[in-house]
There are 2 protein chains.
Amino acid sequence: MSTIFLNTILELLPAKRVVSDASQIDSLTHTCIPYRQLPAYVIYPTSTEEVQHIVKAAAAAGLPIWTVSTGKNWGYGERTATYAGGILLILEQMNKIIEVNEELAYAVIEPGVTQEQFNTYIRANHPTLWTDSGGTTKSASVLGNALDKGRGLTPHADHFGNLCGLDVVLPSGEVLKTGLGASDNNLTRHLYKWDTGPYLDGLFAQSNLGIVTRAGVWLMRAPERFGYGVFEFKKPAEALAPFVDDLRRLVQSGTLTSFPHVANDYAMLSIVSQYPHHLRKDGETCLSQSALQTWRKEHGVAEWTFGFGLYGSRAVVADQKRAVKRVLARYGRLQFVEGVLDQGFVGACMRYFAPLVNKLLGKSPAFINVLIPSINLFRGIPTDVFVKQVYSYHHPQKPTGPFDVAKDHCGLIWFGPVIPFTGAKVEEALTEAKRVFADHGFDFFVELMVENERSLILLFGIFYIREDEAEQKRATAWHEAINACFAQMGYYPYRATVMSMEHLFSKDPVHKKILHTLKEALDPEVTLAPGKYGIGYRKD
Amino acid sequence: MSTIFLNTILELLPAKRVVSDASQIDSLTHTCIPYRQLPAYVIYPTSTEEVQHIVKAAAAAGLPIWTVSTGKNWGYGERTATYAGGILLILEQMNKIIEVNEELAYAVIEPGVTQEQFNTYIRANHPTLWTDSGGTTKSASVLGNALDKGRGLTPHADHFGNLCGLDVVLPSGEVLKTGLGASDNNLTRHLYKWDTGPYLDGLFAQSNLGIVTRAGVWLMRAPERFGYGVFEFKKPAEALAPFVDDLRRLVQSGTLTSFPHVANDYAMLSIVSQYPHHLRKDGETCLSQSALQTWRKEHGVAEWTFGFGLYGSRAVVADQKRAVKRVLARYGRLQFVEGVLDQGFVGACMRYFAPLVNKLLGKSPAFINVLIPSINLFRGIPTDVFVKQVYSYHHPQKPTGPFDVAKDHCGLIWFGPVIPFTGAKVEEALTEAKRVFADHGFDFFVELMVENERSLILLFGIFYIREDEAEQKRATAWHEAINACFAQMGYYPYRATVMSMEHLFSKDPVHKKILHTLKEALDPEVTLAPGKYGIGYRKD
């Protein structure tokens, strides 16, 4: 069957877009998570029609297809399937920006379009529009991230929520075009989200029910004024809960319309420096409290830090600044520093004096390098500054040129449970999580990501030595333990790692059953990504 | 089978909640649209468990179930199914407000909870929260409207978009609980919208794939400051397109965060007065331009009128007022009148002088009665003032006591296509629509409803004499013609009338097929509402 399949595919696609050589496949499919399955083929389609052909040929040959847009979901699964063999479909060569409507503030793009490509194009050609970028790499797929329910930081942070009108290759090989009253002359499918009749787009998020080959993305109108604040928490630990409650009030009142990530000391330190292995005691796998303190002092890092954007008219941004200051000033140091972007005299001065101010505040020089990318991220401009934190642990320094976290053997797992946006719940959850980190000998890494007015994602991460088998085991054990710990509290991750998908919905048989019923109805041969998000296993 | 079914149901439910008497059924199921099918039974469950039992019993008996929450979707279908016979399930007695979380700004309610009940309860018990209400009747179901993708007017106007975490009785009789990583101890299912894995809530909007018996509803945090403006368009017709473009800019800049309905003269006149049959020429079915002018002058109604709310801090609302004024002042008369709600001296003065000002502006006294309900609607407080416009045509006066539009034989059809939010497209669409109204002899009624930053719903409506067969035919012909006219332009309604569901998706076979595949998988016996939104017909 496989030979027939290969021949069929090679009639359709040039050989350079069909990889079956084992060593090439190996180098294309490294993972950060301590789990990896190798595909038999890697295929790079360049059009929806090719995807349709591949789906039909794979179904005929009984080969499963695992699809990634670019596979830069480092720490979640990268390019591994839940099973060995089959086809890995990489959509990175489908990277066209099909349409941009500046007046109505949307674009239609393919899955290979990266955050950087999209942002650069929009800024150059449609300056009244802003894209939103996640804190992950510039080379991540805009659509891949959105379909994985990834998050950004501007008011358009909800990437899936800002998709409108999808082209989806169904397991049958047909193309479904979602969008209002879909038909051959539909003018509004990228303008109105909920469609006529059932809203189907949700079926294709974190799913294996279809392959999205094109989508409308709603863009943000560039505001008249942009402000940027950076805040450092300086109070004792017992002030954290009231601080979280006050942060929620700022979000609920509409004062804060960006979606900041409140990073703890370790998360921040790994951005601005390298791991101080010399401070660690022999035989220990993580830092003691006093070693962490030493590291923090060296770089002038607070226990909690976050940046945030402000958007609106001149008067609105000024009022937001007053309101934020009123609330946050009592918890630490707040500075508004968007002025460094200013192209005039003020900006020049700020940039000139920034290193000095930075030094006076006790910060290491690396802070300056993070500041402008961080401000820009809240204007939707992607950066690699943050994702390079992954290199802090096992590499002597962060890469300066091109890099690939997975290929560079960075061990990384993310775990992002959603929890209620209240101080009490955050405190409780952090206490439990710290215990799990300590039990498994990992340094405590967390970011409190504002998800919406009601919930936060606690983004936990671990860095470990990817090539070391004992480390893989330790990482896997941490991952299982923290999943179990949060499930016990009633909290579940907004996004699953490939290695944990099997057990999703195990506590909810009705939910599991309906997902399997849908899978069976739409993909009876189980061609698309069997086992993704725990849905639809192959019958063999 | 039917007898067995009735016996089974009567073992479960008291007889007063099971109606099988034909005349009773007749009086419960009047419609405004010129279409009606009578059910064999009307059943009123009071709990999810009862709904489960009824679904199972109906499936066993081969009886279809058409479900309405309260059936107050006047002008869209009320309580008629697409077929005769079967069970009409009315959920109005499932009217519990299960939970309100003031801190996290959400409530969990049942489908029988009405706009008025919800708003009254929240205002009395949780004054820092606001509900959002549609311009329809106080007695409409909050969830029914949301699942039909109905709209409100505050920043929480997107009713379906503000649902989070549903309990759904599936055709199998099982209960699906959607929400993040659903499980027995889920604490966040009403806080985070997109779930783990595929997002399924969309399957249950405008659909027949399940019966929603409970849902989380996100509520708005009461703003520090509320403003209300009313605008009357006073320019020649050619200024309409630039006005629409400027309105879009106000929405896209975040200045206008409410979702106003820009009503044309006839829409506004039918709110403040009764139809001037005496001005109509013999043999004509609608008013001439000069008769309309006369009617307008009598009541001081502009060609286009809308009210809007402003929300935020004192400084933000002041800035929004300046910005709105800067833009709208050149198109007509803008007044900020939220002061009439003031409980102090200012409010007392405004209320005292309002009738005088009203008179000076050339308005009929009825305007005063509309003003306060209109302002309140933009604070989420429901009103019956607008829906009573339906009585303007065929009744001598609007009802003052309890009323039921369907029972009172008001002939009404709504048609709400979504169109791009641009002046040029609005102008073009209005021209086409006017032709259809004229062709069928109906007075031109339209509201431009702001749907989002990118699209408008053009809400067209006709009033006709429900009991008159010729009028029914004329209304049906208008409905068919306007559907066809807009489909021709590439525009489709955000919500379908029951009489037009059969032809949905006829131009999009892949979309139609996937909906049927889903229906067959989830409801193989086609128990739930066969034919709703054109999905799943019975095999008989």
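Our structure is the block above this text.
Residues numbered from 1 in each chain as written. Chains lettered and ligands numbered in written order. Predicted model: local features only at pLDDT ≥ 70, side-chain atom pairs only at ≥ 80, totals over all residues. Heavy atoms only, no water.

Enquirer: So what's going on with the interface of chain B and chain A? Which residues, and what values?
Expert: Counting from both sides, the interface comprises 86 residues of chain B and, opposite them, 85 residues of chain A. In terms of surface lost to chain A, no three residues of chain B exceed Trp194, Pro198 and Arg454 of chain B, which account for 11% of the buried area on that side. Counting across the chain B and chain A interface gives 4 salt bridges. Residue Lys513 of chain B pairs with Glu174 of chain A through a salt bridge whose shortest N-O separation is 2.9 Å. Here chain B is connected to chain A by 40 residue pairs in polar contact (both at pLDDT 80 or more). (Contact = heavy atoms within 4.5 Å. Buried area = accessible area lost by both parts, 1.4 Å probe. Salt bridge = Lys/Arg side-chain N within 4 Å of Asp/Glu carboxyl O. Polar contact = N/O pair within 3.5 Å; in protein donor to acceptor, adjacent residues only side chain to side chain.)

Enquirer: So what's going on with the pattern of salt bridges? Which residues, and what values?
Expert: Throughout the structure, instances matching the rule amount to 46 salt bridges over all chains. Between Arg474 of chain A and Glu471 of chain A there is a salt bridge, with its nearest N and O atoms 2.7 Å apart. Of this pair, Arg474 of chain A and Glu471 of chain A both sit in helix α13 (residues 469–489), separated by 3 residues, roughly a single helical turn. Each member of the pair, Arg474 of chain A together with Glu471 of chain A, is buried. In this structure, a network of salt bridges that share partners links the residues Glu103 of chain A together with Asp245 and Arg248 of chain B. (Helix = DSSP H or I, 4+ residues; strand = E, 2+ residues; numbered from the N terminus. Buried < 20%, exposed > 50% of the residue type's maximum accessible area, 1.4 Å probe, protein only.)

Enquirer: If you had to explain the relation of the copies chain B and chain A to someone new, which residues and values would you point to?
Expert: Least-squares fitting of chain B to chain A yields an RMSD of 0.0 Å, with the superposition described by an axial translation of 0.0 Å and a rotation of 180°. The transformation just described matches what one would write down for a two-fold rotation axis. Of all interface residues in chain B, 99% are interface residues in chain A too; the two copies therefore contact each other through one and the same surface. (Least-squares fit on C-alpha atoms with pLDDT ≥ 70 in both.)

Enquirer: An account of empty space enclosed by the protein is needed here, citing residue identities and associated values.
Expert: Residue and element names in this part refer to chain B. As enumerated under the stated definition, the model contains 8 cavities of 30 Å³ or more in all. Volume-wise, the largest cavity comes out at about 150 Å³. Lining the largest cavity we find 16 residues, and of these Asp132, Val142, His159, Val217 and Trp218 sit closest to its centre. Counting residues per element, the ones that place at least two in the lining of the largest cavity are α4 (115–125), α5 (142–147) and β10 (211–218). (1 Å grid on protein atoms, 1.4 Å probe; cavity = no way out; pocket = protein on both sides within 12 Å on 5 of 7 lines; lining within 4 Å. Points joined across faces, edges and corners; volume = space filled by probe spheres on them.)

Enquirer: Explain the nonpolar core residue by residue, including any values.
Expert: Phe243, Phe460 and Phe486 of chain A together with Phe460 and Phe486 of chain B are the most contacted members of the largest nonpolar core, which totals 328 residues. Setting aside chain neighbours within four positions, we find Phe486 of chain B in contact with Phe415, Pro417, Ile419, Ala429, Ala433, Leu458, Phe460 and Tyr491 of chain B. (Core = buried A, V, L, I, M, F, W, Y, C linked by side-chain atoms within 4.5 Å.)

Enquirer: Report on unusual backbone geometry, specifying residues and quantitative values.
Expert: Residues other than glycine seldom take positive phi values, yet His409 of chain A does so here, at roughly 60°. Located in the positive-phi region is Ala529 of chain B, a residue other than glycine, with phi close to 40°. Within the fold, Ala529 of chain B resides in the segment after α14 (509–522).

Enquirer: Provide a residue-level description of the sheet that holds strand β1 (residues 18–19) of chain A, including the pertinent values.
Expert: Residue and element names in this part refer to chain A. Taken together, 4 strands build an open sheet; the order of strands is β1-β2-β4-β3 and the sheet is mixed. Each edge of the open sheet is held by one strand with a lone partner, namely β1 and β3 (65–68). Note that β1 and strand β2 (residues 41–43) share 2 bridges and pair antiparallel. Following the sheet pairing, Val18 is matched in β2 by Ile43. Running at roughly 20° to β2, helix α1 (residues 2–12) makes contact with β1, β2 and β4 (87–90) of the sheet. (Pairing = 2+ DSSP bridges. Axes fitted to C-alpha atoms, helices over the stretch in contact; angles between N-to-C directions.)

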